[in-house]
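This is what each chain is made of:
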Amino acid sequence: MLPVAPAMSVPEYSLKAVFLFNFTEFVAWPENADNGPPRRQICVLGKNPFNDNLQKLVISREKQTEIKIHYTQSLEAIKHCHILFISRSEEYRITEVFHAIEHLPILTVSDILNFAARRGMIELSVKSERISLSVNLKSVRSSGIKLNSNLVELATVVSDDSDAGQASP
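Since the structure is predicted, the reported quantities are computational estimates derived from the model, not experimental observations.

**Q** Please clarify how the state of the cysteines should be interpreted in this entry.
**A** Where two cysteines share a covalent bond between their sulfur atoms, that bond is called a disulfide. One pass over the full model with this rule turns up 1 disulfide. Through a disulfide, Cys43 is tied to Cys81; the S-S separation comes to 1.9 Å. Disulfide Cys43-Cys81: the torsion about the S-S bond is -100 degrees, which places it as left-handed. Taken together, the residues Cys43 in strand 2 (residues 39-45) and Cys81 in the loop between strand 3 (66-72) and strand 4 (83-86) connect sequence positions 38 residues apart. On the basis of relative accessible area, Cys81 is assigned to the buried category, the value being 4%.

**Q** What is the right way to read the environment of His99 from this model?
**A** Relative to the helices and strands, His99 is located in helix 3 (residues 94-100). The exposed category is assigned to His99, whose relative accessible area is 61%. For the pair His99 and Leu75, spaced 24 residues apart in sequence, the C-alpha to C-alpha distance is 9.8 Å.

**Q** Can you walk me through the sheet that holds strand 6 (residues 122-127) in this structure?
**A** In any sheet, the strands associate via hydrogen bonds between backbone groups, in a parallel or an antiparallel arrangement. Judged by pairing direction, the sheet is mixed, and its 7 strands sit side by side in the order 3-2-4-5-6-7-9 without closing on themselves. Across the chains shown, the open sheet's two edge strands, defined by having one partner strand only, are strand 3 and strand 9 (156-157). Note that strand 6 and strand 7 (residues 130-135) share 6 bridges and pair antiparallel. Looking at the pairing, Ser125 lines up with Ser132 of strand 7. Against the sheet, helix 1 (residues 12-26) contacts strand 2, strand 3, strand 4, strand 5 (107-110), strand 6 and strand 7, and its axis sits at roughly 150 degrees relative to strand 6. Sitting on the sheet, helix 2 (residues 53-60) touches strand 2 and strand 3, and the angle it makes with strand 3 is about 165 degrees.

**Q** Explanation requested: helix 1 in the structure shown.
**A** Think of an α-helix as turning once every 3.6 residues; residues three or four places apart then point the same way. Compared with an ideal rise of 1.5 Å per residue, which puts 15 residues at 21 Å, helix 1 spans 21 Å between its outermost C-alpha atoms and is within 8% of the ideal. Extensive coverage of helix 1 is indicated by the burial of 12 of its 15 residues. Those residues of helix 1 that sit buried are Tyr13, Ser14, Leu15, Lys16, Ala17, Phe19, Leu20, Phe21, Asn22, Phe23, Thr24 and Phe26.

The rules behind the values
Residues numbered from 1 in each chain as written. Predicted model: local features only at pLDDT ≥ 70, side-chain atom pairs only at ≥ 80, totals over all residues. Heavy atoms only, no water. Disulfide = S-S within 2.5 Å. Helix = DSSP H or I, 4+ residues; strand = E, 2+ residues; numbered from the N terminus. Buried < 20%, exposed > 50% of the residue type's maximum accessible area, 1.4 Å probe, protein only. Pairing = 2+ DSSP bridges. Contact = heavy atoms within 4.5 Å. Axes fitted to C-alpha atoms, helices over the stretch in contact; angles between N-to-C directions. Expected span 1.5 Å × (residues − 1).

The quantities given are spatial measurements derived from coordinates; they are silent on function.
Pasting the structure below:
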């Protein structure tokens with residue numbers, strides 16, 4: 001279950017790390033050809049705002065899906081990610097990042113302002129002292145991944161700038 005705790009009672013990036021980590025349970029990627037145990041790679045592109053919070057979650061995890069955390073600056077390395085958190089430090093090259101992973105089944109997540117309206121898939125923001133989600137379903141669909149309906153219900157659905165940037169009900 002995704003947390004609904006107020007953002008201010010827990011350090012912001014500790015809570016955002018829990019959201020990012022739990023997305024592995026609410027997203028379906030296209031079938032894997034290797035038939036091995038399920039694995040997910042969470043990548044952080046740019047400056048790491050999470051400190052060691054993601055690693056702590058991996059250590060405490062008791063699920064069947066193996067999760068690896070990868071920190072990178074390389075656009076080539078992100079092509080092997082399942083979930084890509086794009087740090088605010090990378091806002092200047094966001095178009096280049098999207099171009100590098102276009103049509104790949106990579107869930108893009110960020111807390112960059114208006115990320116979902118700029119073709120990002122899930123934007124994490126703080127509103128009324130709570131973590132809020134905005135989802136761009138057009139971007140999600142074009143990647144071939146599917147979001148669990150429970151996750152979509154928690155979010156505000158937005159359109160990207162090419163669709164006039166208007167929010168959907």
